[in-house]
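# Observations on the three-dimensional arrangement
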There are 2 protein chains.
Amino acid sequence: MKVIIDAFGGDNAPEEIIKGCADAVLEYGVEAALCGDEKKITQAAAQMNISLENIKIIPADGVITMEDDPNLIVKEKKNCSMAEGMRRLADGEYDAFVTAGSTGAAVMGSTFIVKRIKGVKRAALAPIMPSAKKGIMVIDIGANAECRPEMLVQFGLMSSIYMEYAEKVKSPKVGLLNIGVEETKGTPLQLEAYRMLKKAPLNFIGNIEAREVPSGDCDIIVTDGFSGNIVLKLTEGVAMYLFGMVKSAFRTNAKTKLAAALMMPQLKQLKKKMDYTEYGGAPLIGISKPVIKAHGSSDANALKNAVRQAIRYSESGVISKIEEIMPSLNEQIKAAQSAQ
Amino acid sequence: MKVIIDAFGGDNAPEEIIKGCADAVLEYGVEAALCGDEKKITQAAAQMNISLENIKIIPADGVITMEDDPNLIVKEKKNCSMAEGMRRLADGEYDAFVTAGSTGAAVMGSTFIVKRIKGVKRAALAPIMPSAKKGIMVIDIGANAECRPEMLVQFGLMSSIYMEYAEKVKSPKVGLLNIGVEETKGTPLQLEAYRMLKKAPLNFIGNIEAREVPSGDCDIIVTDGFSGNIVLKLTEGVAMYLFGMVKSAFRTNAKTKLAAALMMPQLKQLKKKMDYTEYGGAPLIGISKPVIKAHGSSDANALKNAVRQAIRYSESGVISKIEEIMPSLNEQIKAAQSAQ
């Protein structure tokens, strides 16, 4: 298993990326390569006393930043660390690619350098979020701000295969994010997607309201990228806000500080349960090779977990399963469209 | 000040509605009327030992339920408690109307019985949500699943007037919910709304990502009803889920139970801060008279606070301010549209 990692993606690059990569090599015995400016990688590793003995360096020029137009990855910045990593993945030299860099560039680069699976209309970004019961996949969380119904149906099927093969969830339950549970709720997008999802070869359990998302009753939440982005970021925002309030409540006086000391093991456990870094990154589902987009603020632990996810994704056979089933799904979609 | 209340709206009607109404009369000295089946109201009040001496009863036939098609409020169910209350409001007999009943029916009934303010394209449901700093208004949270850019601009201005006059927020800060802060983010709806909001006579501070909503840096979040509904319900869902986790952490063992006892005053305060019932209901902004939609699961306290909000809304002069400014805003919108 050979994983290539964008050394210059994210807010904490390259230090935390290098550290996370070294940890992953140690912990998972993976063959890893860091992609980017060789001198900077070597210097940063030396400063942190990290040996690069078992890590390859793939040289690349420059970085595509969060502020850059994502299109630059196939134009002026086509030699940047992210683009080069994707090229090596596309060439078959590596089995999976991990980046914590710009989401837009990751989507653009994956689509045009690594390319989509045949028949897939759009690739989607699908992180696994913590919930009351287990991790739930939300697809899409921002690769496609606007979606058509047939895209949502493809998202539903591709994520079902991912959850079944990479996460070992048997017959994963798929819900459609909506503003009510009734079949008649939502905009034309949801109405039509509902109709198609009912007939698709997956375990569709109907509409799910945002209030129920954290309960974890669904394994997969299908939605357009605009709404999915709200779900992901608002969950983070509300959790941060509430933990902040709980924290300051514990700091009120001597009594509450004692309470905090008594609660320490449970509080740590709670924090770990809510920690996105434990869940790795988001697979770019629909791309013909495993690409994992780690959170932009990934630290070494998050990066290490993203590498673990990349390994699991690559070994699971998810992509060949999607390739296999896509033609017949597209036949069904076509039939549903012409039946209207 | 005369407020009419739908006695049969919501999950806890009529008991909690009657109780909340009686509490509001006592606490705010408001003249209140309960609308609905007279016999049932009298019986329920007698069972709870609540005197109806200072509360008028407006008889009405039947109830429009959450499951009913909202259109029934102007058809087969045009004599139901919600419709009758709205008619009395429209007639000028009462100053404001409160219902905890079906949202769809409240929007439909307000629009066709009470009617919109002249020039307003669509009425919007705009609750005030708790945040880290203060209450923030989210407009729209579900009256209009699909929106056009000019509707969002009207929402921005109407809510600004509401927050300024009814909530005494000076020059309220308006943010546009989006998937990134840059002007180029989002779907065509956000792109165009951004362009128009920049020029509108309100304090537009740009795009706001869902992660920042709970921080309370904005006073108003403008969004389409589909996304707004997600914001409202997901905030509730995540809060419930986290409080559930904190609660069970406090119940782990003798040590944590002691911690809970030590933290009791702070925990109660936290709970109160997050309690939607403290914030009253959601005004249906854009309607020509004050209509407040209380939460479907309102208890007496929530209903009482919704009545308080109805009084404030009515006394604030918000509606005549909106009437005054709407023609010039619509001129600006027209100019922006033809400039394209």
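Details of the structure are given in the entry above.
Residues numbered from 1 in each chain as written. Chains lettered and ligands numbered in written order. Predicted model: local features only at pLDDT ≥ 70, side-chain atom pairs only at ≥ 80, totals over all residues. Heavy atoms only, no water.

All names here are of chain B. Between its terminal C-alpha atoms helix H9 (residues 300-316) stretches 24 Å, which fits the 24 Å expected from 17 residues at 1.5 Å a residue. Counting buried positions along H9 yields 12 of 17 residues, so the element is predominantly enclosed. Residues Ala300, Ala302, Leu303, Lys304, Asn305, Ala306, Val307, Gln309, Ala310, Ile311, Tyr313 and Ser316 constitute the buried set of H9. One or two residues past the end of H9 sits Gly317, with phi positive at roughly 80°. (Helix = DSSP H or I, 4+ residues; strand = E, 2+ residues; numbered from the N terminus. Expected span 1.5 Å × (residues − 1). Buried < 20%, exposed > 50% of the residue type's maximum accessible area, 1.4 Å probe, protein only.)

In this assembly, 49 residues from chain A lie in contact with 49 residues from chain B. Each partner contributes to the roughly 4,600 Å² buried at the junction of chain A and chain B, and carbon and sulfur atoms together form 79% of this total. Counting the surface chain A buries against chain B, the share from its top three residues, Arg211, Phe226 and Tyr241 of chain A, is 16%. Between the two partners, chain A and chain B, sit 4 salt bridges. The tally of links between chain A and chain B comes to 8 residue pairs in polar contact (both at pLDDT 80 or more). Among the elements of the structure, helix H6 (188-199), helix H7 (225-250) and helix H8 (254-274) of chain A are those that each provide at least two residues to the side of chain A that touches chain B. Considering each element in turn, the side of chain A that touches chain B owes the most residues, 19 residues, to H7 of chain A. Considering only residue class, the side of chain A that touches chain B consists of 28 nonpolar, 14 polar and 7 charged. (Contact = heavy atoms within 4.5 Å. Buried area = accessible area lost by both parts, 1.4 Å probe. Salt bridge = Lys/Arg side-chain N within 4 Å of Asp/Glu carboxyl O. Polar contact = N/O pair within 3.5 Å; in protein donor to acceptor, adjacent residues only side chain to side chain. Nonpolar A, V, L, I, M, F, W, Y, C, P; charged D, E, K, R; others polar.)

What follows deals with the nonpolar core. Counting 116 residues, the largest nonpolar core has Ile73 and Met82 of chain A together with Ile73 and Met82 of chain B as its most contacted members. Beyond its immediate chain neighbours, meaning those up to four positions away, Ile73 of chain A contacts Ile64, Lys78, Cys80, Met82, Ala83, Met86, Ala105, Met108, Gly109 and Ile113 of chain A. Formed by 70 residues, the second largest nonpolar core is a distinct cluster that contains Ala166, Leu303, Ile319 and Met326 of chain B. (Core = buried A, V, L, I, M, F, W, Y, C linked by side-chain atoms within 4.5 Å.)

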